[in-house]
Amino acid sequence: MGQINQSNSIFFQFKPNIVKRSGKPVYLTDVIDIFCSQHVEEAIRDIVILPAHHDRDRVITAIEVIRLINENTGISDIHVIGDGKALIEYKEQKPSNALIEWLRLVATALLLMIGSGLAIMYFHADVNMHQVHSALHYIITGEKSVRPLLISIPYSIGIGIGIAVFFDVFSIGKKKKKPGPLELEVYTYEKEISSYKKDEEENEGD
């Protein structure tokens, strides 16, 4: 390894969603994106943050990264960009069973369909939607009907199309310029879970 000039500056930021497999060491470059001269990056590349036998989620702070870089290179001009901590998650790779995954998908879809259907029916019962449809049928046709299918059928189809449009179902598999509401909800949920895990790991370490 060549001599490292201590006047070099290092800028780094933590990578998002750091997920590692147990049984393998975690290197510094697995955790951060770094901007520095090439010979400094080569010196940093082999720094191990967590050993191979470590298999528990761990929060890494910017102070720990700075200390490791300083101990291995002697450089003290180190700057962190963005968040000052990151969560390293360990996940074991389990063999997937196609049948179980398919059954889980079907069960989830059925539960969501039944639940949403009941919610819509309860709402319609609360606002007396049947009476509203009967009144609309009378206004349009001039005839009173106990079963105003002329209104109810298009209305039911419209609910399904409206939900599909709202959740951008028709764009699945296509390249979209902006995320849909469901994608934003999932993204927000994952961020909150990650933030919660960071706080929990820090509290357990205190």
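Above this text is the structure in question.
Computed from a predicted structure; not experimentally measured.

What counts as what
Residues numbered from 1 in each chain as written. Predicted model: local features only at pLDDT ≥ 70, side-chain atom pairs only at ≥ 80, totals over all residues. Heavy atoms only, no water. Pairing = 2+ DSSP bridges. Helix = DSSP H or I, 4+ residues; strand = E, 2+ residues; numbered from the N terminus. Axes fitted to C-alpha atoms, helices over the stretch in contact; angles between N-to-C directions. Expected span 1.5 Å × (residues − 1). Contact = heavy atoms within 4.5 Å. Buried < 20%, exposed > 50% of the residue type's maximum accessible area, 1.4 Å probe, protein only. Salt bridge = Lys/Arg side-chain N within 4 Å of Asp/Glu carboxyl O. Phe/Tyr/Trp six-rings, centres within 6.5 Å; stacked < 30°, edge-to-face > 60°.

Student: Explanation requested: the sheet that holds strand β8 (residues 85-90) in the structure shown.
Tutor: Whenever strands of a sheet pair, they do so through backbone hydrogen bonds, lying parallel or antiparallel. Taken in spatial order, the 3 strands of this open sheet run β2-β8-β6, and their pairing is mixed. Looking at the sheet topology across the chains shown, the edges are occupied by β2 (18-20) and β6 (58-61). Recorded for the sheet is a direction-independent mean angle of 30° between the axes of neighbouring strands. The pairing of β2 with β8 spans 3 bridges and is classified as parallel. In the sheet register, Lys20 faces β8, and the bridge partner there is Tyr90.

Student: Sorry, what's going on with helix α4 (residues 98-127) here?
Tutor: Count 3.6 residues to each turn of an α-helix, and residues three or four apart come out pointing the same way. Helix length check: α4, at 30 residues, gives a terminal C-alpha distance of 44 Å against a target of 44 Å (1.5 Å per residue), a fit within 8%. Of the residues flanking the end of α4, it is Asn128, one or two places downstream, whose phi is positive at about 55°.

Student: What is the right way to read the sheet that holds strand β7 (residues 78-80) from this model?
Tutor: A sheet is described by the order of its strands in space; here 3 strands give the open sequence β4-β1-β7, paired in mixed fashion. Bordering the open sheet on either side are β4 (32-35) and β7, each of which pairs with just one other strand. When the angles between neighbouring strand axes are averaged without regard to direction, this sheet yields 25°. Here strand β1 (residues 10-14) pairs with β7 via 3 bridges, running parallel. When the bridges of β7 are listed, Phe12 appears paired with Val80. Each of β1, β4 and β7 touches helix α3 (residues 62-73); the most contacted strand, β1, lies at about 140° to it.

Student: Please clarify how the environment of Arg147 should be interpreted in this entry.
Tutor: Note on placement: Arg147 falls in the loop between α5 (129-141) and α6 (149-166). A relative accessible area of 63% means that Arg147 is categorised as exposed. Remark: the alpha-carbon pair of Arg147 and Ser134, spanning 13 residues in sequence, is separated by 7.4 Å.

Student: Quick question: what am I supposed to make of the pattern of salt bridges here?
Tutor: When charged atoms on two side chains of opposite charge get close, those side chains can pair. Taken as a whole, this structure holds 3 salt bridges when the rule is applied. Between Arg58 and Glu64 there is a salt bridge, and its shortest N-O distance comes to 2.6 Å. Between Arg104 and Glu101 there is a salt bridge; the shortest N-O distance is 3.8 Å. Pair noted here: Arg104 and Glu101 are both in helix α4, with a separation of 3 residues, about one helical turn. Given a relative accessible area of 41%, Glu101 falls into the partly exposed group.

Student: What is the right way to read unusual backbone geometry from this model?
Tutor: Across residues other than glycine, the phi torsion is negative in most instances, and most of the peptide bonds are trans. A positive phi is found at Asn128, a non-glycine position, where the angle reads about 55°. Mapped onto the fold, Asn128 is located in the loop between α4 and α5.

Student: Explain the packing of aromatic side chains to me, please; I cannot follow it from the model alone.
Tutor: A ring pair, where both rings are aromatic, is described by two values, the distance of the centres and the angle of the planes. The final tally for this structure, using the stated rule, is 2 aromatic pairs. Consider the rings of Phe11 and Phe35, whose centres lie 6.4 Å apart with planes at 50°: the pair is tilted. Separated by 24 residues along the polypeptide, Phe11 in strand β1 and Phe35 in strand β4 bring together distant segments of the chain. Ring geometry for Phe12 against Phe14: centres 5.8 Å apart, planes inclined by 90°, an arrangement best described as edge-to-face.

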